[in-house]
Amino acid sequence: MSDEQKTETIPLTERLIGALLVAPIRLSRLLPYRMRVPFVGWAASRLFGTLAGYRRRVRENLAFARPDLDEETVRDLMRRVPDNAGRNMVELYSPEFADYARKSPVIGPGLPDVRAAREAGRPVIFVTGHFGSFNAARLAMMEQGFNMGVFYRPMANRPFNEHYVKAMASLSEPMFEQGRKGMIQMVKHLRSGGVLAILNDLNAHDGVPLEFFGHPALTSLATAEMALKFDALLVPVWGLRDPDGLHFTIHTETPIAHSDPVTMTREFNARLEASIRENMHQWFWIHRRWKDGTGALADRGAKVLADMEENV
């Protein structure tokens, strides 16, 4: 089946929504980059963030996870979190972004370990989250000489996903789509001593309830399991946005020690939480991170967790 035939099977409504999602990004390209990024951030915060309910979601998540915050801080985060999200989106579709991100300084105690792994041909998994700019970290680490594959979850809207995948691929390849085929490709990449980047801070239906900001959040163990299976270094990395809103500093943490998947994933959650607490506005508080932390899925995950811990 041709690409054109595949497109014809997509309902008109879905295609229209996809076009509406892409249109603002294309229009923003009329602005110079240094104006484009802050403008889209402002629009995401003041316009789209309100219409899409993102500001309300930020407030709800903060009330749940950080009830200690005062009203002024909450209102500030309701503005700044969608702003960062908007900047991330337009940067992905901006050719100029790569030049900014590649030149980002890479710091942190994990650098000697990842360089030693690269020299030894040992696979490395950079584990991160929707925090700062994942794509900036990805480009900066590639500039450091790491051939980084990316495991990604496709967007629900298929026409928009097509644009999204092309934009991601323009930054770097290989890319591995969530699913059986992508998993097979990713395994081959790791077996050959490759480097992989995975975001591990989403509500995972097949995960187990692990603490995050004091509450259970369904968290995937797959990243830690792969690190153990392929003897890969597991290194948290954060692409933090600088105060000017356009540049980044990449932080590499010391590798998470190999033990068991639950202990390693708990360690990742703890490190991510600690970094978020220092840069609250840079995490994607719009996600429904704790959506299934309780309920049927959590009960099933808790049973899996109990069985695993019993056998450790």
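Whatever comes next refers back to the structure up there.
Because the structure is predicted, anything quoted here is derived from the model rather than measured.

Procedures and definitions
Residues numbered from 1 in each chain as written. Predicted model: local features only at pLDDT ≥ 70, side-chain atom pairs only at ≥ 80, totals over all residues. Heavy atoms only, no water. Patch = residues over 30% accessible without salt bridge, like charges linked within 9 Å, V, L, I, M, F, W, Y side chains within 5 Å. Areas by Shrake-Rupley, 256 points an atom, 1.4 Å probe, with all protein chains shown as cover. Salt bridge = Lys/Arg side-chain N within 4 Å of Asp/Glu carboxyl O. Helix = DSSP H or I, 4+ residues; strand = E, 2+ residues; numbered from the N terminus. 1 Å grid on protein atoms, 1.4 Å probe; cavity = no way out; pocket = protein on both sides within 12 Å on 5 of 7 lines; lining within 4 Å. Points joined across faces, edges and corners; volume = space filled by probe spheres on them. Nonpolar A, V, L, I, M, F, W, Y, C, P; charged D, E, K, R; others polar. Buried < 20%, exposed > 50% of the residue type's maximum accessible area, 1.4 Å probe, protein only. Core = buried A, V, L, I, M, F, W, Y, C linked by side-chain atoms within 4.5 Å. Contact = heavy atoms within 4.5 Å. Pairing = 2+ DSSP bridges. Axes fitted to C-alpha atoms, helices over the stretch in contact; angles between N-to-C directions. Expected span 1.5 Å × (residues − 1). Phe/Tyr/Trp six-rings, centres within 6.5 Å; stacked < 30°, edge-to-face > 60°.

Undergrad: I tried to follow a nonpolar patch on the surface on my own but got confused; where do I start?
TA: On the surface, Phe39, Trp42, Leu47, Phe48 and Leu51 cluster together into a nonpolar patch covering about 560 Å² of accessible area. By secondary structure assignment, the location of leucine 51 is in helix H3 (residues 33-51).

Undergrad: In this structure, what is going on with empty space enclosed by the protein? I would like to understand it.
TA: The rolling of a water-molecule-sized probe over the atoms marks out the regions of remaining empty space. In this structure the tally under the stated criterion is two cavities of 30 Å³ or more. Approximately 40 Å³ is the volume attributed to the largest cavity. In terms of lining residues, the largest cavity is bounded by Val127, Asn200, Thr223, Ala224, Leu234, Met264, Thr265 and Phe268. It is helix H12 (residues 261-278) that provides the largest number of residues to the lining of the largest cavity, a total of three residues. Residue classes in the lining of the largest cavity are distributed as five nonpolar, three polar and no charged. Looking at the second largest cavity, its volume works out to about 30 Å³.

Undergrad: Would you mind showing me how to read unusual backbone geometry here?
TA: The general pattern is negative phi for most residues beyond glycine and trans for most peptide bonds. Of note, phenylalanine 213 is a non-glycine position whose phi angle comes to about 55°, a positive value. Tracing the chain through its elements places phenylalanine 213 in the loop between strand E6 (208-212) and strand E7 (215-219). Using a relative accessible area of 3% as the deciding quantity, one classes phenylalanine 213 as buried. In the Ramachandran plot, aspartate 231 falls in the positive-phi region, its phi being about 50° despite a non-glycine side chain. Relative to the helices and strands, aspartate 231 is located in the loop between helix H11 (222-229) and strand E8 (233-241).

Undergrad: Which parts of the structure should I look at to understand the nonpolar core?
TA: As a rule of thumb, soluble globular proteins bury nonpolar side chains together. Phe97, Val114, Val124, Phe126 and Ile250 are the most contacted members of the largest nonpolar core, which totals 42 residues. Looking at this core element by element, the count peaks at six residues for helix H8 (residues 134-143). Filtering out sequence-adjacent residues up to four positions away, phenylalanine 97 remains in contact with Tyr33, Glu91, Ser133, Asn135, Ala136, Leu139, Leu171 and Phe248. One finds Val58, Ala65, Met264 and Ile276 within the second-largest nonpolar core, a separate group that totals 39 residues.

Undergrad: Can you walk me through the sheet that holds strand E3 (residues 148-152) in this structure?
TA: Backbone hydrogen bonds hold the strands of a sheet together, and the pairing may be parallel or antiparallel. A sheet is described by the order of its strands in space; here seven strands give the open sequence E1-E9-E8-E2-E5-E3-E4, paired in mixed fashion. At either margin of the open sheet sits one strand with a lone partner, and together these are strand E1 (106-107) and strand E4 (175-177). Alignment of E8 against strand E9 (residues 248-252), held across five bridges, turns out to be antiparallel. Within E9, the position partnered with valine 237 by the bridge is threonine 252. Of the strands in this sheet, strand E2 (124-128), strand E5 (195-199) and E8 are in contact with H11, which crosses E2 at around 165°.

Undergrad: How should helix H10 (residues 180-191) be read in this particular structure?
TA: Residue pairs spaced three or four apart in an α-helix point in one direction, given the helix's 3.6 residues per turn. Taking 1.5 Å per residue, twelve residues should reach 16 Å; H10 reaches 17 Å between its end C-alpha atoms and fits that length. Residues of H10 that are buried sit in contact with E2, E3, E4, E5 and H11.

Undergrad: What should I look at first to understand the packing of aromatic side chains in this one?
TA: The geometry of an aromatic ring pair comes down to the distance between the two centres and the angle between the two planes. Overall, the coordinates contain 16 aromatic pairs when judged by the stated rule. Relative to tyrosine 100, the ring of tyrosine 33 lies with its centre 4.8 Å away and its plane at 40°, an arrangement referred to as tilted. Of the two residues, tyrosine 33 sits in helix H3 while tyrosine 100 sits in helix H6 (residues 97-102), which places them 67 residues apart along the sequence. Tyrosine 33 gets classed as buried once you look at its relative accessible area, which sits at 6%. Look at tyrosine 93 and phenylalanine 160: their rings are 6.5 Å apart centre to centre, the planes differ by 40°, and that puts the pair in the tilted class. One end of the pair, tyrosine 93, is in the loop between helix H5 (71-92) and H6; the other, phenylalanine 160, is in helix H9 (residues 158-171), with 67 residues separating them in the sequence.

Undergrad: Looking at this model, I keep getting lost on the pattern of salt bridges. Mind explaining?
TA: Per the stated rule, a full pass over the model turns up 19 salt bridges. Where aspartate 76 meets arginine 79, a salt bridge forms, and the shortest distance between an N and an O atom there is 2.9 Å. Placement of the pair is aspartate 76 and arginine 79 together in helix H5, with a separation of three residues, close to one helical turn. A relative accessible area of 30% means that arginine 79 is categorised as partly exposed. For the salt bridge of glutamate 162 with lysine 166, the shortest nitrogen-to-oxygen distance reads 3.5 Å. Of the two residues, glutamate 162 and lysine 166 both sit in helix H9, four residues apart, roughly one turn of that helix. The class for glutamate 162 is partly exposed, based on a relative accessible area of 44%. Overlapping salt bridges bring together Arg59, Glu71 and Arg75 as one network.

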